[in-house]
Amino acid sequence: MSMIKHHASIDTLAEYAAGQMDEARSVVIATHLRLCKQCREIVRDMEAIGGVCLEDAEPVAMAEGALSTFWKIADHAEPITRSASTQPDNDLRPEVALPLSAYLPGGLDAANWRPVAPGVSQSIIEAEGYRRNTLRLLRINPGTKIPTHSHGAQELTMILRGAYRDQTGDYGAGDLADLDGSHTHSPEAFGDEPCICLIATSAPLVFKDMVGKVIQPFVGL
């Protein structure tokens, strides 16, 4: 993925490295890191710095009963059922990159696609976020434009197949759009195949026109 042009912000990578990101957004970032050497090296350095800081931190006594509380919670935890990826390490297609491949055992083509607007389909991926169903795949046919919108908070969008363009540039496979409330855009898919994106948000989108407001309840973004 040497052609990746768009990356996560430093603040986003720091949040991921510190383990403070919810599952939905973590899946998007981890999938991008699998393909992006630049961002992967930044996270590695941040994690190393964090380890040094922990070594220098003053020990804090655990609360009385903390260990027994932990084991009580662990005993009732649901077992992890996601299967490991069977893809070879040199397979750099975004859709089979870990951890996404563990959430899509049948691949993109076997995803449960449901039409939500003309030229647009989506597939929900079960993952914890600021609310349910915040991690999803969006498939946009070439020439289809998503209504103009801004963001209530962070929106992470990684391109898995195809391409789209908006006010911030052209995005292809492996690229990551890391946007917040300061960005307003209207992505339009282009090229010879549908654009498939992996999206996680930390607040509802804010659509600017009536079309977007009408379809929002059906899309759930």
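Definitions and limits used
Residues numbered from 1 in each chain as written. Predicted model: local features only at pLDDT ≥ 70, side-chain atom pairs only at ≥ 80, totals over all residues. Heavy atoms only, no water. Core = buried A, V, L, I, M, F, W, Y, C linked by side-chain atoms within 4.5 Å. Buried < 20%, exposed > 50% of the residue type's maximum accessible area, 1.4 Å probe, protein only. Helix = DSSP H or I, 4+ residues; strand = E, 2+ residues; numbered from the N terminus. Axes fitted to C-alpha atoms, helices over the stretch in contact; angles between N-to-C directions. Parallel < 35°, antiparallel > 145°, perpendicular 65-115°, else oblique. Contact = heavy atoms within 4.5 Å. Nonpolar A, V, L, I, M, F, W, Y, C, P; charged D, E, K, R; others polar. Pairing = 2+ DSSP bridges.

**Student:** Could you clarify how one ought to interpret the nonpolar core in this entry?
**Tutor:** Residues V28, I29, I125, L135, L137, L160 and L198 are the most contacted members of the largest nonpolar core, which totals 31 residues. Of all elements in the fold, only α2 (23-35), α3 (37-56), α5 (100-103), β3 (135-140), β5 (155-161) and β10 (195-201) reach the threshold of two or more residues within this core. Residue contributions to this core peak at 6 residues, all from α2. Among the nonpolar cores identified, the runner-up in size contains 14 residues, and V120, I159, Y171 and L179 belong to it.

**Student:** Explanation requested: the packing of helix α1 (residues 10-17) against α2 in the structure shown.
**Tutor:** Two measures define how a pair of helices packs: the angle their axes make with one another and the distance between the axes. One way to put it is that α1 packs onto α2 with a least axis distance of 11 Å and a crossing angle of 105°. Judged by the angle between their axes, α1 and α2 are roughly perpendicular. Packed against α1, whose contacting residues are T12, L13, E15 and Y16, the element α2 presents R25, S26, I29, A30 and L33 at the interface. Of the residues contributing to the contact of α1 with α2, the split by class is 5 nonpolar, 2 polar and 2 charged.

**Student:** Would you take a moment to explain the sheet that holds strand β9 (residues 188-190) for this structure?
**Tutor:** The 3 strands are arranged β7-β6-β9 in an open sheet whose pairing can be described as antiparallel. One side of each edge strand has no neighbouring strand; the edge strands of this open sheet are β7 (169-171) and β9. On average, adjacent strands in this sheet sit at an angle of 30° to one another, irrespective of strand direction. Note: strand β6 (residues 163-166) against β9, 3 bridges, orientation antiparallel. Opposite R165, over in β9, you have E188 as the bridge partner.

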